[in-house]
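As a plain string of letters, each chain reads:
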Amino acid sequence: MALYETIAFGLFAFVTLASALGVVLLRDVWHSALMLGVSLLSVAVHYVMLRAEFVAVMQILVYVGGVLILITFAVMLTRREDMDQPSEVTT
């Protein structure tokens, strides 16, 4: 394994672990979903580094493209508006 491959692996391993930790620790649902997307994309990069390109493409299409969009729609549809804020009425 060449030096640049080791550096790339270490970099993407750090990105994967940091974003997975961000998924768990962030309180905002939108930021947590964004970190989930970063984590899933960096796992796809690991698959490319292992020369499993088909698995990497399926990772992106199924998980990033499907599951993350499903989570985004679920958050959009279940989020309530704050009742403390007066609603704006246009005349």
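What comes next is a walk through the structure.

Definitions and cut-offs
- Residues numbered from 1 in each chain as written.
- Predicted model: local features only at pLDDT ≥ 70, side-chain atom pairs only at ≥ 80, totals over all residues.
- Heavy atoms only, no water.
- Helix = DSSP H or I, 4+ residues; strand = E, 2+ residues; numbered from the N terminus.
- Buried < 20%, exposed > 50% of the residue type's maximum accessible area, 1.4 Å probe, protein only.
- Contact = heavy atoms within 4.5 Å.
- Areas by Shrake-Rupley, 256 points an atom, 1.4 Å probe, with all protein chains shown as cover.
- Polar contact = N/O pair within 3.5 Å; in protein donor to acceptor, adjacent residues only side chain to side chain.

1. Considering the overall build of the protein chain
So, step 1. Across its full length, the protein chain carries three helices and zero strands.
So, step 2. Taken from the N to the C terminus, the helices and strands of the protein chain come in the order α-α-α.
So, step 3. When the 91 residues of the protein chain are sorted by exposure, 19% land in the buried category.
So, step 4. Considering only intrachain contacts with a sequence separation of at least 6, the fraction spanning at least 24 residues in the protein chain is 53%.
So, step 5. Accessible surface for the protein chain amounts to roughly 7400 Å². Of this, 71% is attributable to carbon and sulfur atoms.

2. Here's the deal with the side chain of Thr16
So, step 1. Within the secondary structure, Thr16 is located in helix α1 (residues 3-25).
So, step 2. At 2.7 Å, the side chain of Thr16 and the side chain of Ser42 are in polar contact.
So, step 3. Only 3.5 Å separates the side chain of Thr16 from the side chain of His46, close enough to count as a polar contact.
So, step 4. Among residues more than four places away in sequence, those in contact with Thr16 are Ser39, Ser42, Val43 and His46.

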